[in-house]
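# Analysis of the macromolecular model
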Amino acid sequence: MNSAGNILQIKNIIFDFGGVIINISHQRVEKAFSDLGLENFQEMFNQATQSDLFRIFEKGEIGPDEFRNRIRNITGLTATDADLNHAWNQIIGSYPAQRIELLKNIKDKYRIFLLSNTNIIHFDFYIPKFELEFGFPLQSLFEKTYWSFDIGMRKPDLDPYLFVIRQNKSFDPAETLFIDDSIQNIEVRKVGGLHALLLNEETEINELFNDNKLKINSV
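## Some points on the sheet that holds strand β2 (residues 111-116)
On the basis of which strands lie adjacent, the open sheet formed by five strands has the order β3-β2-β1-β4-β5 and parallel pairing. The open sheet has two edge strands with one neighbour each: β3 (144-147) and β5 (195-198). Neighbour-to-neighbour, the strand axes of the sheet open up by a mean angle of 20°, direction not taken into account. In this sheet, β2 lies alongside strand β1 (residues 12-15) in parallel orientation, the contact comprising four bridges.

The following block contains the structure:
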């Protein structure tokens, strides 16, 4: 952490995805499962969390078929694959245009990356959604994108942060800022000398910049 008033010399920015680039809605996914006949969504969510189902799915250790079958076992639902995918994808919200415009504007000023906990069902939904809405690939906004199910690592484990550092040996971690909306994910800010910033619900990433340059003094 830099002392107050000491301006950070940030050259590289690693963004989280959900809640930072794209909106997410827990209320919508709960309603979608309720529409399928599941009235105790929170109980199901807790059971799936305790069984590590979400973690292993986001690490790519199981595929979508096994994930859906385990959801059926936990919930007792007999919903089709398509219905379960639809309900599960309701957590995916909108892409605020101002955030996308910001990324377009800063990519020539900073080396920007993306590191996200996600799964293949969501990925196959929001990637084409982006291109349909904006007319170009989401990945083109970043120098490189790191998806947990693809790299087999998941925040807040240390491995994905170290992996990104090792993959980009040409950048200095001390000149690198990681932005996430989950406090457990930024508590690793000291790993490899990375800086980290918690983005709360009231703050837009655009507010962190002035004329497309970071305006934060310390992290």
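Now, onward.
## Concerning the pattern of salt bridges
Inspection of every chain in the model, using the stated rule, returns 15 salt bridges. Note that E143 and R111 form a salt bridge whose closest N and O atoms lie 2.5 Å from each other. Taken together, the residues E143 in the loop between α7 (120-134) and β3 and R111 in strand β2 connect sequence positions 32 residues apart. For E143, a relative accessible area of 46% translates into the label partly exposed. Shared partners join several salt bridges into a network, and the residues in it are D65, R68, R72 and D81.

## Digging into unusual backbone geometry
Of note, the bond from K155 into P156 is cis; its omega dihedral lies within 30 degrees of zero at 5°. Of note, P156 is situated in the loop between α8 (148-151) and α9 (158-167). Look at D52: it is not a glycine, yet its phi comes out positive at around 70°. Inspection of the secondary structure assignment puts D52 in the loop between α2 (41-50) and α3 (53-58). Taking the relative accessible area as the measure of exposure, D52 reaches 32% and is therefore partly exposed. Its identity is not glycine, yet N212 carries a phi of approximately 65°, on the positive side.

Cut-offs applied
Residues numbered from 1 in each chain as written. Predicted model: local features only at pLDDT ≥ 70, side-chain atom pairs only at ≥ 80, totals over all residues. Heavy atoms only, no water. Pairing = 2+ DSSP bridges. Helix = DSSP H or I, 4+ residues; strand = E, 2+ residues; numbered from the N terminus. Axes fitted to C-alpha atoms, helices over the stretch in contact; angles between N-to-C directions. Salt bridge = Lys/Arg side-chain N within 4 Å of Asp/Glu carboxyl O. Buried < 20%, exposed > 50% of the residue type's maximum accessible area, 1.4 Å probe, protein only.

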